[in-house]
Amino acid sequence: MKYLYGDSTEFQMQIDFLRLLNNFVETSVKTIKLENAVFNLKETIMDRRRLKNSVIDEMDNFTLTVENAIVGAVSRSKEQETIVKYAEKSKEFLKKFIEDGKTKFTDEIFQEITQFEKKIEEADEGNRKTLESFFIYDPIPIIFQIYTIKAAEKGFTAKVQVDSEDSISCIFDIASSESPFWKGNVRVRDFVKGVEIPARMKKPFLKKELVPEIVNIDDFLLGDLILSDKELEVVFRKRSDTNAQRFRLKMNLKGEFSVDVSYAEENGVEKSLNDVPELKNQLNILRLQELKEKIVEKTNYLYPKKQKLKTILVKDRDVFEENLVYDLMQRVAQIFAPTVAEIKKRSPSNEELSLKSEDESGKRNEIYLKKSDVKEKLNAINEKGTRLLEILDVM
């Protein structure tokens, strides 16, 4: 399928952008409504906490006032010796009654707050699922991905952080078990065979000079992996436990290839081989570069397996924890705005945005989105919708 502007010139993005734009508008309305509800719930919680503190203070003041009145009444009584016993019992009764009342009132307030917090959690989960359905399809340009993979009891746990324009990052869990390669244990030989690394300087039998001890790591297990656009860091262990004999490789992915290798014996501390010239000179850079390329290739195969959205970050701030959904959607609108402007300029009608689709046979169909529909949908979130409409500049 090929996509064209409304004036039949080629549309560079080659996607149904108007469908994406409509999805964005509907997602914005739904998530911002939920976020507004969260703001109201948090304000209600603050009000309930303020009420609790105020009532408790008033109860304490009431107790103090009554106790002072009792003391005054006793001091003025002609029968102080008799009255004082009843006065003390009265104060004890009052104190217990007030303390019980404070406890009961506090419990009632906290029960209310618990219910409000539950509603906030439900709203945040609703927003997470809604935003997951939008961002899972990579609606905004990707700058790079950061993979984090760790060996588990069975297979691996994996996640990917997708960094996009305007400081937006989405973190997804990856269903690594759905990939045959990542389903079970992964060894060095599953990437490249014949990988040998100098581990340490060792004195051979009947010789005086130390020489590098070369270790074949083909059967070493992959333990941890972090892959970004700049660096690949990977740990291979002789056995699955974390204290086993291991090598850590940090490979530079920008510019000329380089690698920093660290080695640790069982239960030992990792030491860099690069600090020992005799060991560094024994590194087979070409074979390690081949290993890097295969690891990157196999890791990137996991990207289509991303599934559950864990969270979204805006400038490293958690969208759900800090209620930044509206800020997030404004940023997406700013990313979409230049494309909207170009489509608007090339659309035949002032009442709608239009594109065309062309199939393999050359048959064309018009795709359109009425401007009034966009405005009507965004009106549901009042001034926030007006702001998004202004950023998109649809009208």
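As the structure is a prediction and not an experimental result, all values here were calculated from the model. (Residues numbered from 1 in each chain as written. Predicted model: local features only at pLDDT ≥ 70, side-chain atom pairs only at ≥ 80, totals over all residues. Heavy atoms only, no water.)

Undergrad: Whenever I open this one, the sheet that holds strand 14 (residues 352-358) confuses me. Can you help?
TA: What holds strands together in a sheet is hydrogen bonding between their backbones, with the strands either parallel or antiparallel. Read from one edge of the open sheet, 3 strands run 1-14-15, paired in antiparallel fashion. Edge positions in the sheet fall to strand 1 (2-5) and strand 15 (364-370), since each of these pairs with one other strand and no more. Neighbour to neighbour, the strand axes of the sheet diverge by 30 degrees on average, direction disregarded. Relative to strand 15, strand 14 runs antiparallel, the two being bridged by 7 bridges. When the sheet's bridge partners are listed, Glu 352 is paired in strand 15 with Lys 370. Sitting on the sheet, helix 6 (residues 371-378) touches strand 14 and strand 15, and the angle it makes with strand 15 is about 40 degrees. (Pairing = 2+ DSSP bridges. Helix = DSSP H or I, 4+ residues; strand = E, 2+ residues; numbered from the N terminus. Axes fitted to C-alpha atoms, helices over the stretch in contact; angles between N-to-C directions. Contact = heavy atoms within 4.5 Å.)

Undergrad: Help me understand the packing of helix 1 (residues 17-76) against helix 5 (residues 325-346), please; the structure alone is not making it clear to me.
TA: In a packed pair of helices, the relevant descriptors are the angle between the two axes and the axis-to-axis distance. Relative orientation of the contacting elements helix 1 and helix 5 amounts to 160 degrees, with a least axis distance of 11 Å. Here helix 1 is positioned roughly antiparallel relative to helix 5, judged by the angle of their axes. Crossing geometry of helix 1 relative to helix 5 is assigned as left-handed. Mapping the contact onto sequence places Phe 17, Leu 18, Leu 20, Leu 21, Phe 24, Thr 27, Ser 28, Thr 31, Ile 32 and Glu 35 in helix 1 and Val 325, Tyr 326, Met 329, Val 332, Ala 333, Phe 336, Thr 339, Val 340 and Ile 343 in helix 5. (Parallel < 35°, antiparallel > 145°, perpendicular 65-115°, else oblique. Left-handed = near helix turned anticlockwise from the far one by under 90°.)

Undergrad: What's the story with helix 5 in this structure? I'm lost.
TA: Owing to its 3.6 residues per turn, the α-helix aligns residues three or four sequence positions apart on the same side. Spanning 22 residues, helix 5 covers 31 Å between terminal C-alpha atoms, matching the ideal 32 Å at 1.5 Å per step. Remark: the principal bend of helix 5, roughly 40 degrees, maps to Phe 336, with a proline, Pro 338, within the next four residues. (Expected span 1.5 Å × (residues − 1). Bend = angle between axes of the 7 residues up to and from the residue.)

Undergrad: Help me out: how do you make sense of the packing of aromatic side chains in this one?
TA: The geometry of two aromatic rings is summed up by the distance between their centres and the angle between their planes. Taken as a whole and judged by the stated rule, the model has 12 aromatic pairs. Aromatic pair Tyr 5 and Phe 11: ring centres 5.1 Å apart, planes at 80 degrees, arrangement edge-to-face. One exposure class covers both Tyr 5 and Phe 11, and it is buried. Following the ring pairs from residue to residue traces out a cluster consisting of Phe 17, Phe 24, Phe 134, Phe 135 and Phe 336. Between Lys 306 and the ring centre of Phe 172, over which it is positioned, the NZ or CZ distance is 5.7 Å. Above the ring of Tyr 326, the side-chain terminus of Lys 384 is found at 5.1 Å from the ring centroid. (Phe/Tyr/Trp six-rings, centres within 6.5 Å; stacked < 30°, edge-to-face > 60°. Buried < 20%, exposed > 50% of the residue type's maximum accessible area, 1.4 Å probe, protein only. Lys NZ or Arg CZ within 6 Å of the ring centre and 35° of its normal.)

Undergrad: Please clarify how the pattern of salt bridges should be interpreted in this entry.
TA: Here the structure, examined in full by the defined rule, presents 33 salt bridges. Here Arg 248 makes a salt bridge to Glu 270, at a shortest N to O gap of 2.8 Å. Separated by 22 residues along the polypeptide, Arg 248 in strand 9 (residues 246-252) and Glu 270 in the loop between strand 10 (258-264) and strand 11 (271-272) bring together distant segments of the chain. A relative accessible area of 23% places Arg 248 in the partly exposed class. (Salt bridge = Lys/Arg side-chain N within 4 Å of Asp/Glu carboxyl O.)

Undergrad: I'm lost on the sheet that holds strand 9 in this one. Help?
TA: The 10 strands are arranged 11-10-9-8-7-2-3-4-12-13 in an open sheet whose pairing can be described as antiparallel. Where the open sheet ends on each side, the last strands, each with one partner, are strand 11 and strand 13 (317-318). Sheet analysis places strand 9 next to strand 10, joined by 7 bridges and oriented antiparallel. For Lys 250, the partnering residue across the bridge sits in strand 10 and is Asp 260. Here helix 2 (residues 80-135) sits on the sheet and contacts strand 4 (168-174) and strand 12 (306-314); the angle it forms with strand 12, its principal contact strand, is near 105 degrees.

Undergrad: How should the packing of helix 5 against helix 7 (residues 382-392) be read in this particular structure?
TA: Running from amino to carboxyl end, helix 5 crosses helix 7 at an angle of 30 degrees, the nearest separation of the two axes being 7 Å. Overall, the two elements helix 5 and helix 7 adopt an arrangement that is roughly parallel. Contact with helix 5, carried on its side by Tyr 326, Met 329, Gln 330, Ala 333, Gln 334, Phe 336, Ala 337 and Val 340, involves Lys 384, Arg 387, Leu 388, Ile 391 and Leu 392 of helix 7 and no other residues of that element. Tallied by class, the residues present in the contact of helix 5 with helix 7 amount to 9 nonpolar, 2 polar and 2 charged. (Nonpolar A, V, L, I, M, F, W, Y, C, P; charged D, E, K, R; others polar.)

Undergrad: Could you clarify how one ought to interpret the nonpolar core in this entry?
TA: A general tendency of soluble globular proteins is for nonpolar side chains to be buried together. Membership of the largest hydrophobic core comes to 87 residues, with the highest contact counts inside it found for Leu 249 and Phe 336. If you tally residues by element for this core, the top one is helix 5, at 10 residues. Dropping the residues within four chain positions of it, Leu 249 is found in contact with Ile 197, Leu 232, Glu 233, Val 234, Phe 236, Val 259, Asp 260, Val 261, Leu 288 and Leu 291. Formed by 9 residues, the second largest nonpolar core is a distinct cluster that contains Leu 41, Phe 105, Ile 109 and Ala 123. (Core = buried A, V, L, I, M, F, W, Y, C linked by side-chain atoms within 4.5 Å.)

Undergrad: I tried to follow the environment of Leu 41 on my own but got confused; where do I start?
TA: Structurally, Leu 41 can be placed in helix 1. Spatially, the C-alpha atoms of Leu 41 and Glu 209 are 74 Å apart, while their sequence positions differ by 168 residues.

Shape is all these values report; function is a separate question.
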